[in-house]
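Overview (structure and organization)
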Amino acid sequence: MKIGVPKEIISQEYRVSINPETAKLLIESSHQLFIQKNAGDGSGYTDQDYEKLGCTIVDTPSEVFTNSDLIVKVKEPLNEEVEMMRDKMLFTYLHLSSSKDLTKKLLECNVTSLAYETVVINNETPMLKPMSEIAGRLSLLDAIELLKKSKGGKGKLISGTSLSDPANVLIIGAGIVGVNAMQMSLGLGANTTILDINNELLRSIKTQYPAVNIGTSSKELIEGLLPIADIVIGAVLTPGAKPPTVISREMLSLMQPKSILSDVAIDQGGCFETSKVTSHSDPTYEVDDIIHYCVRNIPSAVPFTATNALNESTRPFIARLANDGIEGLKSNTNLLMALNTHQGHLVNQEVADAHDLKYSSPTNIL
């Protein structure tokens, strides 16, 4: 199969979808790779790293899309990219439940799109997990920076000192993001509380991390904790679907001025009512004197780590898709879960529900 790797064009996105190790595996399986010039630079990989493996380096994204049957990306495509991949196959993070416009554009352009994040195996999202680990850890570290008075924050030290109390960190959602944020918070000495609706999961976390405070997530409990929270991490995930809103604008009035809301669920549409997408270059804004951090590609801040972690998780799925093509999905239930659009049909139920669009069964369409 002919596989294309364009350079990511979302602002400050430095990851690359296929690293040299994955490229080597695909080349050895007799696939052709078309890599856009400088696509790997941000992650520390040069064009020469790919060329010596037998990849073809091309100058423009148009050449990538024209020459390829399968496009492998990191982030969701912009409209001008979708136009260039008509009738092609796309494998990437899509997060379609947060964008009706992108969903409709993929359908209009007859793109067969597969999303890393909608594959769920044994109650885990294997291709989302490594990025969730990084995003959870960085969300806490970035929030610590925002606590500084010089950054507009309260001027609190996360750990406190022998004579002053530590900061209070509230984490809503005890999945991969939430647990990784919790580990960082506890390790740095903050007074840490994690909430979830899964009490069995919470008990398991408490057994492993006795210092953490746990609670069954509810509107009433969150309202009770917001007045003392210095940092709130929104780590709510519903695979493929828009997460529920756990903090409304009205609830911001309960918080102390210059407290921090970090919405790690922003890729899927966000879990705070006042969330809107920000970037690494302009990461924050304020609503009612509350600092909001809603960067949608947090892992791109550490692209070398993120690219290689991503490839470790996506490599077997990319190889299987390249080897078997779309027909292979009929016998591969795991990869079939990645399919979101095909031949102008929307085949992901959660996305259809999010946008009130017609759903088609993937097994019927294939």
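See above for the structure.
What this report covers is the structure whose coordinates are included nearby. This is a predicted model, so every value here is computed, not measured.

Observations concerning the overall build of the protein chain
From N to C terminus, the protein chain includes 13 helices and 15 strands. Relative to its length of 366 residues, the protein chain is compact, with a C-alpha radius of gyration of 21 Å against a globular reference of 21 Å. Dimensions along the principal axes, computed over C-alpha positions, put the protein chain at roughly 65 × 45 × 40 Å. In the protein chain, which comprises 366 residues, the proportion classed as buried is 54%. Considering only contacts within the protein chain whose residues lie at least 6 apart along the sequence, 63% involve residues at least 24 apart.

Focus on the sheet that holds strand S10 (residues 231–234)
Strand order in the open sheet formed by seven strands is S9-S8-S7-S10-S11-S13-S12, with mixed pairing between adjacent strands. Of all strands in the sheet, those with a lone pairing partner are strand S9 (213–216) and strand S12 (284–287), marking the two edges. Strand after strand, the sheet turns through a mean of 20° between neighbouring axes, direction not considered. The pairing of strand S8 (residues 191–196) with S9 spans four bridges and is parallel. Following the sheet pairing, leucine 195 is matched in S9 by glycine 215. Strands strand S7 (168–172), S10, strand S11 (260–263), S12 and strand S13 (290–293) of the sheet are contacted by helix H6 (residues 129–147), whose axis makes an angle of about 150° with S10. Running over the sheet, helix H8 (residues 199–208) touches S8 and S9 and is turned about 175° from S9.

Regarding the environment of alanine 23
As for its position among the elements, alanine 23 is in helix H1 (residues 20–28). Between the C-alpha atom of alanine 23 and that of cysteine 55, which follows or precedes it by 32 residues, the distance is 7.7 Å. Beyond its immediate stretch of four places on either side in the chain, alanine 23 contacts Ile18, Leu33, Tyr50, Leu53 and Cys55.

So, the packing of aromatic side chains
Within the structure shown, the criterion is met by three aromatic pairs. Each ring, one from phenylalanine 91 and one from tyrosine 116, has its centre 4.8 Å from the other, and the planes form 65°; the classification is edge-to-face. With phenylalanine 91 in strand S5 (residues 89–92) and tyrosine 116 in the loop between strand S6 (112–115) and H6, this pair connects stretches of sequence that are 25 residues apart. Note on accessibility: phenylalanine 91 and tyrosine 116 belong to one class, buried. Seen in terms of ring centroids, tyrosine 93 and tyrosine 116 are 4.8 Å apart; in terms of plane orientation they differ by 90°. Their pairing is edge-to-face. Here tyrosine 116 lies in the loop between S6 and H6 and tyrosine 93 lies in the loop between S5 and helix H5 (100–108), a separation of 23 residues in the sequence. Judged on exposure class, the residue tyrosine 93 and its partner tyrosine 116 are both buried. Here a set of aromatic residues connected by ring pairs shows up, and it is made of Phe91, Tyr93 and Tyr116.

Observations regarding the pairing of strand S1 (residues 2–5)
Sheet topology note: the S1/strand S2 (residues 32–36) ladder contains four bridges and is parallel. Paired with glycine 4 across the two strands is phenylalanine 34, which belongs to S2. Each parallel crossover has a hand, and for S1 linked through H1 to S2 it is right-handed. In terms of strand pairing, S1 meets strand S4 (residues 70–72) through two bridges, oriented parallel. Bridging from a neighbouring strand, isoleucine 3 pairs with leucine 70 of S4.

Comments concerning the side chain of aspartate 47
Mapped onto the fold, aspartate 47 is located in helix H2 (residues 47–51). This buried residue, aspartate 47, is left without a salt bridge; lysine 37 holds the nearest opposite charge, at 6.0 Å. Once residues lying within four places of it in the same chain are set aside, the contact partners of aspartate 47 are Gln36, Lys37, Asn38, Ala39 and Ile57.

Here we look at the packing of H6 against helix H7 (residues 176–187)
Two measures define how a pair of helices packs: the angle their axes make with one another and the distance between the axes. It is at 7 Å that the axes of H6 and H7 come closest, and there the two elements cross at 40°. As far as their axial angle goes, H7 and H6 are oblique. Of the two elements, H6 crosses H7, and the hand of that crossing is right-handed. Across the interface between the two elements, Lys129, Ser132, Glu133, Gly136, Arg137, Ser139, Leu140 and Leu141 from H6 touch Ile176, Val177, Asn180, Ala181, Gln183, Met184 and Ser185 from H7.

What counts and how
- Residues numbered from 1 in each chain as written.
- Predicted model: local features only at pLDDT ≥ 70, side-chain atom pairs only at ≥ 80, totals over all residues.
- Heavy atoms only, no water.
- Helix = DSSP H or I, 4+ residues; strand = E, 2+ residues; numbered from the N terminus.
- Rg over C-alpha atoms; globule rule 2.2 N^0.38 Å.
- Buried < 20%, exposed > 50% of the residue type's maximum accessible area, 1.4 Å probe, protein only.
- Contact = heavy atoms within 4.5 Å.
- Pairing = 2+ DSSP bridges.
- Axes fitted to C-alpha atoms, helices over the stretch in contact; angles between N-to-C directions.
- Phe/Tyr/Trp six-rings, centres within 6.5 Å; stacked < 30°, edge-to-face > 60°.
- Right-handed = clockwise from strand over helix to strand, strands pointing away.
- Lys, Arg positive; Asp, Glu negative; His and termini not counted.
- Salt bridge = Lys/Arg side-chain N within 4 Å of Asp/Glu carboxyl O.
- Parallel < 35°, antiparallel > 145°, perpendicular 65-115°, else oblique.
- Left-handed = near helix turned anticlockwise from the far one by under 90°.

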